[in-house]
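Listed here are the chains, written in short residue letters.
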Amino acid sequence: MIKCFRKVFRGSIWIYASSRDIVSQSILYGKHMKYEDMVFKKPVESKSYESDSKNVLAIIKDILQERIKDDDNKIVINTNLKYGLPLENINKIAGPIIEAWCYEVFSRIYDIKDNKYQLINIEAQPRLGIADIVLQFKKTNSHITANVDVKTTSEDIKSSGKGPNITSFSRIRTAYVEDLDFMFIILSITHKVYSQKNYNTNLIDSVMEIVDYNAYDLKFISDKDISYNPALGSGQLQIKDINYISLTKRTTWEFCQLLDNKYLKSSKKSITDWYKEAKKNKWIK
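Residues numbered from 1 in each chain as written. Predicted model: local features only at pLDDT ≥ 70, side-chain atom pairs only at ≥ 80, totals over all residues. Heavy atoms only, no water.

Asks: I'd like a rundown of the overall build of the chain, residues and numbers included.
Replies: Along the chain, the regular secondary structure elements total six helices and 11 strands. Buried residues in the chain amount to 47% of all 285 residues. Approximately 16400 Å² of the chain is accessible, and the part contributed by carbon and sulfur atoms is 51%. (Helix = DSSP H or I, 4+ residues; strand = E, 2+ residues; numbered from the N terminus. Buried < 20%, exposed > 50% of the residue type's maximum accessible area, 1.4 Å probe, protein only. Areas by Shrake-Rupley, 256 points an atom, 1.4 Å probe, with all protein chains shown as cover.)

See the structure below:
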């Protein structure tokens, strides 16, 4: 057999390479590479996924509504500051405080054996985890796992938390391939902050009150409400305005394609960059 070689330019020198090498280099450097030509791993969720998602969202909302109804929706922050915390900057620390409050709220439910919400497990996630809290709910012969990402907005500062980062493009894209029923819930909490005198200490307490909430399954958030920021690694997914979100019914594979499309539309990303992420994270065969 006679092998065919062509003279090609590599860096600053000419070398002889086989046709197979040339094809490989074309793929590596993005020449003639097309997204639609890839052999994808296409995730297919369970038939019950949509109803499971609706049930989880309803349960989360019911739990929070119960806290507000019972007037158990306030976080009191005690300090030794005579005039309390500076309210104009309180939004900077609201996120982790409300996240901790949410964890305690769900933990109370979990501590009740055979609770009415069928919450059977709860885990706080590490700082760099994909979500803040993982909840598991009992289901006939199985369970539903929900990854909950807590986002906060201030009633007093309208622009506070309006367009939050969600997570990295590659991390969330990979999650939907590795777990066909991966569920990522965005829990939006609105708070207001005020001060009141503590007559026991004669100091000022700051009160963070949860006044509103909503919950969304990321997979069903409309295309126009999700944006992509190419900065930092593979880039970040963001919500344009968490106060105004519309929903679109779609499959997991359709959502993966939506994510890919946002990545590839960025002027700072290329099909070559996407290919490297896809190979590394095993999105393609």
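Asks: Residues and numbers for the pattern of salt bridges, please.
Replies: Under the defined criterion, the tally for this structure stands at 16 salt bridges. Across the pair Arg67 and Asp70 runs a salt bridge, and its minimum N-O distance is 3.6 Å. For Arg67, a relative accessible area of 11% translates into the label buried. A salt bridge links Asp72 to Arg108; its shortest N-O distance comes to 2.3 Å. Of the two residues, Asp72 sits in the loop between helix 2 (49–69) and strand 3 (74–77) while Arg108 sits in helix 3 (residues 91–110), which places them 36 residues apart along the sequence. Residue classification places Asp72 among the partly exposed residues on the basis of a relative accessible area of 24%. One connected set of salt bridges, linked through shared partners, spans Glu66, Arg67, Asp70, Asp72, Arg108 and Lys116. (Salt bridge = Lys/Arg side-chain N within 4 Å of Asp/Glu carboxyl O.)

Asks: An account of the packing of aromatic side chains is requested, with residue identities and associated values reported.
Replies: As enumerated under the stated definition, the model contains 13 aromatic pairs in all. With centroids separated by 5.2 Å and ring planes inclined at 70 degrees, the aromatic side chains of Tyr35 and Trp274 adopt a geometry described as edge-to-face. One end of the pair, Tyr35, is in the loop between helix 1 (19–28) and helix 2; the other, Trp274, is in helix 6 (residues 271–281), with 239 residues separating them in the sequence. You'll find Tyr35 and Trp274 in the same group, each marked buried. (Phe/Tyr/Trp six-rings, centres within 6.5 Å; stacked < 30°, edge-to-face > 60°.)

Asks: So what's going on with the side chain of Ser227? Which residues, and what values?
Replies: Checked against the element boundaries, Ser227 lands in strand 10 (residues 226–229). Residues within four places of Ser227 in sequence aside, it is in contact with Gln236, Leu237, Gln238 and Lys240. (Contact = heavy atoms within 4.5 Å.)

Asks: Which residues make up the environment of Ser107, and what values go with them?
Replies: With respect to the helices and strands, Ser107 occurs in helix 3. Taking the C-alpha atoms as reference points, Ser107 and Ala124, separated by 17 residues in sequence, lie 10.0 Å from one another.

Asks: Break down the sheet that holds strand 3 for me, citing the residues and quoting the values.
Replies: Ordered in space as 3-9-8-6-5-4, the six strands form an open sheet in which the pairing is mixed. Each edge of the open sheet is held by one strand with a lone partner, namely strand 3 and strand 4 (119–124). For this sheet, the mean angle separating the axes of adjacent strands, direction not counted, is 30 degrees. As judged from the seven bridges shared by strand 5 (residues 133–139) and strand 6 (residues 142–154), these two strands associate in the antiparallel manner. Bridge pairing in strand 6 places Lys138 opposite His143. On top of the sheet, helix 3 reaches strand 3, strand 4, strand 5, strand 6, strand 8 (184–198) and strand 9 (203–217); it is set at about 155 degrees to strand 4, its chief contact. (Pairing = 2+ DSSP bridges. Axes fitted to C-alpha atoms, helices over the stretch in contact; angles between N-to-C directions.)

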